[in-house]
Amino acid sequence: MTKEKSKSLHTDKKNYNRKIITGSIIATIIAGTPFLFYLYEYVPEEPSWDTIFGTYTSLEYESVKTGIWVLMTKVIPLLLSLIWFFTCRHWWYHVLIIPIAMFSFQCIGALNDDIRFMDEFHIIYLLPIMAIVFPSIYLIRAKMFDQINEADKTMEELEEEFMIKPKTFWGRLKQYF
């Protein structure tokens, strides 16, 4: 075996191992979300709680346990949406920015003790994001269907063509911003 083939096999094995480890970590996080959600059960039923991160006082809910429960109902869907966004390989993955923004606004609202109507007007803040994402997705879709009509490619081949596959975590992160 030549030196180049040996180096190529080593690189392929290294990439394969990295994918297995990354996939295992993601799968563990997804499988552990019910346990993360029920962490609020271990929070005291008091109006104030001292932690290593500081003191959390729940003025609106009058119970730290209820405040953490409300926060977990927003954080878990946000976490799952972020995992979906960063691991999605379809052409429409940018649409996931909309629920990510919505859950982010809800998390901020859950932390802000002065908000009385938590889920009432967040759609107003999402409108600018939606105004950018929807036309972008439509243009990508129109371009794909235009190429289908001009060429003899299947939808899967076009999705593969439109996929961007960065090699590193930072490359993936830069791809989205």
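Attention here is on the structure that accompanies the text. (Residues numbered from 1 in each chain as written. Predicted model: local features only at pLDDT ≥ 70, side-chain atom pairs only at ≥ 80, totals over all residues. Heavy atoms only, no water.)

1. Section: the environment of leucine 79
With respect to the helices and strands, the residue leucine 79 is situated in helix H3 (residues 64-87). According to the relative accessible area criterion, leucine 79 is partly exposed, its value standing at 26%. As a C-alpha pair, leucine 79 and threonine 33 span 46 residues in sequence and 8.7 Å in three-dimensional space. In contact with leucine 79, not counting residues within four places along its chain, are Ile29, Thr33 and Leu36. (Helix = DSSP H or I, 4+ residues; strand = E, 2+ residues; numbered from the N terminus. Buried < 20%, exposed > 50% of the residue type's maximum accessible area, 1.4 Å probe, protein only. Contact = heavy atoms within 4.5 Å.)

2. So, the packing of aromatic side chains
What describes a pair of aromatic rings is the distance from one ring centre to the other and the angle between the planes of the rings. Throughout the structure, instances matching the rule amount to 4 aromatic pairs. Their ring planes at 85° and their centres at 5.0 Å tell us that phenylalanine 37 and tyrosine 38 sit as a pair that is edge-to-face. Phenylalanine 37 gets classed as buried once you look at its relative accessible area, which sits at 18%. Pairing phenylalanine 37 with tyrosine 40 gives two aromatic rings, centres 5.6 Å apart and planes at 70°, and the pair type is edge-to-face. (Phe/Tyr/Trp six-rings, centres within 6.5 Å; stacked < 30°, edge-to-face > 60°.)

3. Considerations on the side chain of threonine 33
Note that threonine 33 resides in helix H2 (residues 33-37). Sequence-distant contacts of threonine 33, defined by excluding residues within four places in its chain, comprise Ile76, Leu79 and Leu80.

4. Focus on the side chain of serine 58
Residue placement: serine 58 occurs in the loop between strand S2 (54-57) and H3. Look at serine 58 and you get buried, because its relative accessible area is 2%. Reaching out from serine 58, the side chain makes a polar contact with the backbone oxygen of serine 63 at a distance of 3.4 Å. (Polar contact = N/O pair within 3.5 Å; in protein donor to acceptor, adjacent residues only side chain to side chain.)

5. Description of the pattern of salt bridges
A complete count under the given rule lists 1 salt bridge for this structure. Put simply, lysine 65 and glutamate 41 hold a salt bridge, and the shortest N to O gap is 3.6 Å. You can see lysine 65 sitting in helix H3 and its partner glutamate 41 sitting in the loop between H2 and strand S1 (48-51), a full 24 residues away along the chain. On the basis of relative accessible area, glutamate 41 is assigned to the partly exposed category, the value being 40%. (Salt bridge = Lys/Arg side-chain N within 4 Å of Asp/Glu carboxyl O.)

6. A look at the environment of tryptophan 91
Mapped onto the elements of the fold, tryptophan 91 is located in the loop between H3 and helix H4 (97-111). Judged by its relative accessible area of 12%, tryptophan 91 is buried. Along the backbone, tryptophan 91 and isoleucine 137 are 46 residues apart, and their C-alpha atoms lie at a distance of 8.1 Å.

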